[in-house]
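# Fold and contact review
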Protein chains: 2
Amino acid sequence: MTSHTVSELLSKDIVFSEVNIKGWVRTFRANRFVALNDGSTLHNIQCVVDFENTDEATLKRITTGAAVHIEGDLVESQGKGQRVEIIVKTIQILGDSDPETYPIQPKKHSFEFLRENAHLRTRTNTFSAVMRLRSALSFAIHKYFNDHGFYYMHTPIITGSDAEGAGEMFKVSKLDAKNPPLDEKGVVDYSKDFFGKETNLTVSGQLEAETYAMSLGKVYTFGPTFRAENSNTSRHLSEFWMIEPEVAFLDLAGNMDLAEDFMKSVLSDILKNNRDDLEFLENRLIEEDKTKPQLERSDMRLIEKLNFVIDNNFKRVSYTEAIDILRNSKPNKKKKFKYLINEWGTDLQSEHERFLVEKHFKCPVILFDYPAHIKAFYMRLNDDGKTVRAMDILFPGIGEMVGGSQREERLEVLKQKMAALQIDEKELWWYLDLRKYGTAVHSGFGLGFERLVMFVTGMSNIRDVIPFPRTPQNAEF
Amino acid sequence: MTSHTVSELLSKDIVFSEVNIKGWVRTFRANRFVALNDGSTLHNIQCVVDFENTDEATLKRITTGAAVHIEGDLVESQGKGQRVEIIVKTIQILGDSDPETYPIQPKKHSFEFLRENAHLRTRTNTFSAVMRLRSALSFAIHKYFNDHGFYYMHTPIITGSDAEGAGEMFKVSKLDAKNPPLDEKGVVDYSKDFFGKETNLTVSGQLEAETYAMSLGKVYTFGPTFRAENSNTSRHLSEFWMIEPEVAFLDLAGNMDLAEDFMKSVLSDILKNNRDDLEFLENRLIEEDKTKPQLERSDMRLIEKLNFVIDNNFKRVSYTEAIDILRNSKPNKKKKFKYLINEWGTDLQSEHERFLVEKHFKCPVILFDYPAHIKAFYMRLNDDGKTVRAMDILFPGIGEMVGGSQREERLEVLKQKMAALQIDEKELWWYLDLRKYGTAVHSGFGLGFERLVMFVTGMSNIRDVIPFPRTPQNAEF
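Note that the structure is a prediction, hence the values are computed from the model and not measured.

What follows is about the interface of chain A and chain B. Counting from both sides, the interface comprises 110 residues of chain A and, opposite them, 110 residues of chain B. Taking both partners together, chain A and chain B bury about 8,700 Å²; carbon and sulfur atoms supply 62% of that area. A per-residue breakdown of the area chain A buries against chain B is headed by A:His154, A:Phe249 and A:Tyr437, which together make up 9% of the total. A salt bridge links A:Lys174 to B:Glu168, with the nearest nitrogen and oxygen atoms 2.3 Å apart. At the junction of chain A and chain B, the tally comes to 40 residue pairs in polar contact (both at pLDDT 80 or more). Looking at which element gives the most residues to the side of chain A that touches chain B, the answer is helix 4 (residues 125-147) of chain A, with 10 residues. Of the pairings in the sheet, the one linking strand 8 (residues 171-173) of chain A to strand 8 (residues 171-173) of chain B comprises three bridges and is antiparallel in character. Looking across to strand 8 of chain B, one finds that A:Val172 is bridged to B:Val172.

Set out below in structure tokens:
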């Protein structure tokens, strides 16, 4: 008798027969009904124990969290709430779970408590749904790029360059921490370190991805990136995963087309394949909303929000137009924005991005042609000399989801921009080589994976969408 | 007129018509024939320039490495060596490539030279083939696990635990490197560091993967791992990618079944989908072999070696049997092994592993039940009290490809093993929790991704199968 998963037993085309299953007890009620889960699906299978013919000692060990092996007959259920159930013939306790000390009881736990027990939190419905969706999103992303002729590349995690300028970096070292070697000037001598130079954890794989785009054509990265800023908020992680496609011969308009098609395709995949987990999380949010004041409740339900992205054309609006709209908007005039929009050149905040998407355009928005001075050195300068071919994609509820640009492909312009920011050409000799030998228009974008998981699951704290979050003062597990 | 890729134009079902393509010049011969590549395939497309009606200045700029935009007619080729070619109507130089300084000329470059130009080396046939295969292998791996009900999980890169014992670690810190804060004992005070404790780069995601296996059932990791050993060899990287599946309710025999099925399935995918790149690399090896003395030449061709794994059952042999075979083997008796096998308990070297696979059994081999003292603390102790349920899978040419085990699921036994190795229980309280609450038999294995890419591409230096290798004294790019 082969072993089954709960998912298989609950599928519509299962044949009623003798079955054999292992899993963990979620609840045991009336000394009779075991709700068994094995992670293969959100749902439990009901297993009916013949308590009159099961010894007392065993019955006592059927507790929440215990691992059990059940053999029995799969039959149509007599009760309400499930189509099928297992009439248990034998139940064997594989691993006990002491109800006095087991942290995950069948009751509501705060997310904060579950974060402290992150090694056990996928034993709850909410976190198992979130992590199954995280996995499904990862696969949908790999599948999209594979289907569209992109090559996946692993850019380095340890980097000798700190020129990317995307944020503060963590140092990676093997030097004696207490007594590092010093050079004659009394400065730490990294030439004696493991890599013979100062090294950090990467903040982005983009620059390296460009090297491969300029030979393989279409590439993407999907790997961990790091920020050492001391930001203890619900939107920041010190370690997070990023997706960065990079494409040769693609201009900014093509980049927008790619990003829009990509986002719609990935979300459609999830809607098609992960309905159960989405519906569970949607209901969770509806319940949560009931406890909130009217004004803080969501405008859209979870699945509605996904369809909002899939069904609408993304509105393409220049930064300059957006500033005009925001300056003349009601919340700006009535001083409802926390950050008022007065002049061209200011960076947008989440409240502005959400206003454009949710109130003004009522569709996802792509802002483009940003002021050069608020964007990175590698973005292509427009002929006006003051804006760059950058784009940000704004989603409802969350604001910026994607940031990208056409890259500066002209050697002399790039050198000037680096000089202005005092970025050493010697640091990025290889990046400049791409502009010396066979340069061409090319573009790409970055997507913070955890932002996407938050959007899809409706979780409001980024620490709840990654297995073991790293944040200031926290590297547990 | 939409843009095409070289791969599309060379496909069998292309319709002859006006076409439009962008790519890089590989060669330009007789002032007439451009071999154009865009990374979409190993192959170039021949573009025939009407040199009599093209201005001299443009012709001079058609050099190796230049980026060009060509419009013309796709026709059946008149010449030998290609089925179709493009009769060029217009050619536009997008980015020049100065033949005086461009490093990648149409001639043989040493791999060492190309490593120093790792940002340009995918502009060669060998490295573009290697990196396309690396990408295809990544996708085949994700697809296998997705198709088999596994969830992909991202285990943390920065870890507060150094209990894994798999090797030396890199320190991650934000402390002032020159003047770190010291505590009253004069020791570096990591409680003042970013995470409030000492942190390192992970050597394995296995322990964290076990937490998810014990709730979601079947999970796997695919992420970067690190070793700070000062090993400057052709087989070691300081930063490499690892795949680690972990499955609840699976014993060692099931683990072997999984690993064997997984390896065969992934290699079959590659053989089916990436024939061109494989054949190119096979021919490269044949040419290389001709320059070697007879004894150093490969026994098997590249594709033959992949089929050797796919077509043979993996022979399962206990460590104890293997030691007997090796002790009585010719190379041991004639002292041809560098490390002679004298007694039970010694660890095997690559030469022994290869002897078992290539000479003795003539098939992939799974060794199991290793002496406990040469394996990690978390492997399940057998009833004999001296061996553990470990397995190593050995492949031809390369030796160990996979290492795995059934995990110790018994709390008391695990605690004893940790105590013997002086691993602090407080460090791994969460790992012990898995044995306290609903413990069960479970197993997993680890596969070094770069070893697999070496096996599939036939590359002999591990630095040549990852985009930007990190090794002692080297963190360039």
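Per the UniProt record, "coiled-coil region" (unreviewed entry) is annotated on residues 271-298 of chain A. Within the segment residues 271-298 of chain A, helix and strand shares are 68% and 0% respectively, and the terminal C-alpha atoms sit 20 Å apart.

Here the focus is the sheet that holds strand 1 (residues 18-29) of chain B. Read around the barrel, five strands follow the order 1-2-3-5-4 (chain B) and close on themselves; strand pairing throughout is mixed. The average undirected angle you get between the axes of adjacent strands in this sheet is 55°.

A word on the packing of helix 5 (residues 206-216) of chain B against helix 13 (residues 429-436) of chain B. Residue and element names in this part refer to chain B. Where helix 5 contacts helix 13, the two axes come as close as 10 Å, and the packing angle between them is 35°. Seen from above, helix 5 lies across helix 13 with left-handed handedness. From helix 5, Gln206, Leu207, Glu208, Glu210, Thr211 and Met214 reach across to helix 13, where they touch Trp430, Tyr431, Leu434 and Arg435. Looking at the contact of helix 5 with helix 13, its residues break down into five nonpolar, two polar and three charged.

What follows is about the domain arrangement of chain A. Residues and elements named next belong to chain A. In terms of domains, chain A is made up of domain 1 (6-102) and domain 2 (123-168 + 203-464). Of note, the centres of domain 1 and domain 2, computed from C-alpha atoms alone, are 44 Å apart. The partner domain 2 presents eight residues to the seven residues of domain 1 that form the contact. Of the roughly 660 Å² buried between domain 1 and domain 2, counting both surfaces, carbon and sulfur atoms make up 40%. Taken together, the connections running from domain 1 to domain 2 amount to zero salt bridges. Summed over the shared surface of domain 1 and domain 2, the number is five residue pairs in polar contact (both at pLDDT 80 or more).

Cut-off values and rules
- Note that residues are indexed from 1 along each chain, following the sequence as it is written.
- Each chain is given a letter, starting from A, and each ligand a number, starting from 1, according to the order in which they appear as written.
- Local features in this predicted model are restricted to residues whose pLDDT is 70 or higher, and side-chain atom pairs enter the listing and the counts only when it is 80 or higher, whereas totals over whole chains, interfaces and linings include all residues.
- Think of the side-chain values as coming from all heavy atoms in the structure, minus any hydrogens and water.
- By definition in these notes, contact holds between two residues if any of their heavy atoms fall within 4.5 Å.
- When two parts are put together, the accessible area they lose, computed with a 1.4 Å probe and summed over both, is reported as buried area.
- Think of a salt bridge as a Lys or Arg side-chain nitrogen and an Asp or Glu carboxyl oxygen that are within 4 Å of each other.
- A 3.5 Å cut-off defines polar contacts: any pair of N or O atoms within that distance qualifies, except that in protein one atom must be a possible hydrogen donor and the other a possible acceptor, and neighbouring residues in sequence count only when both atoms are side-chain atoms.
- Counting from the N terminus, the helices are the DSSP runs of H or I reaching at least four residues and the strands are the DSSP runs of E reaching at least two.
- When DSSP locates at least two bridges between a pair of strands, those strands are taken to pair.
- UniProt positions are given in the numbering used here, feature names are shortened, and annotations may be inferred rather than shown by experiment.
- Interaxial angle, 0 to 180 degrees, is taken between N-to-C directions of lines fitted to C-alpha atoms, where a helix line uses only the stretch in contact.
- Handedness of a crossing follows from how the near helix is turned relative to the far one, being left-handed for an anticlockwise turn of less than a right angle and right-handed for a clockwise one.
- Each residue is assigned to one class: nonpolar for Ala, Val, Leu, Ile, Met, Phe, Trp, Tyr, Cys and Pro, charged for Asp, Glu, Lys and Arg, and polar for all the others, Gly among them.
- What counts as a domain boundary in this text is fixed by an automatic or database domain assignment.

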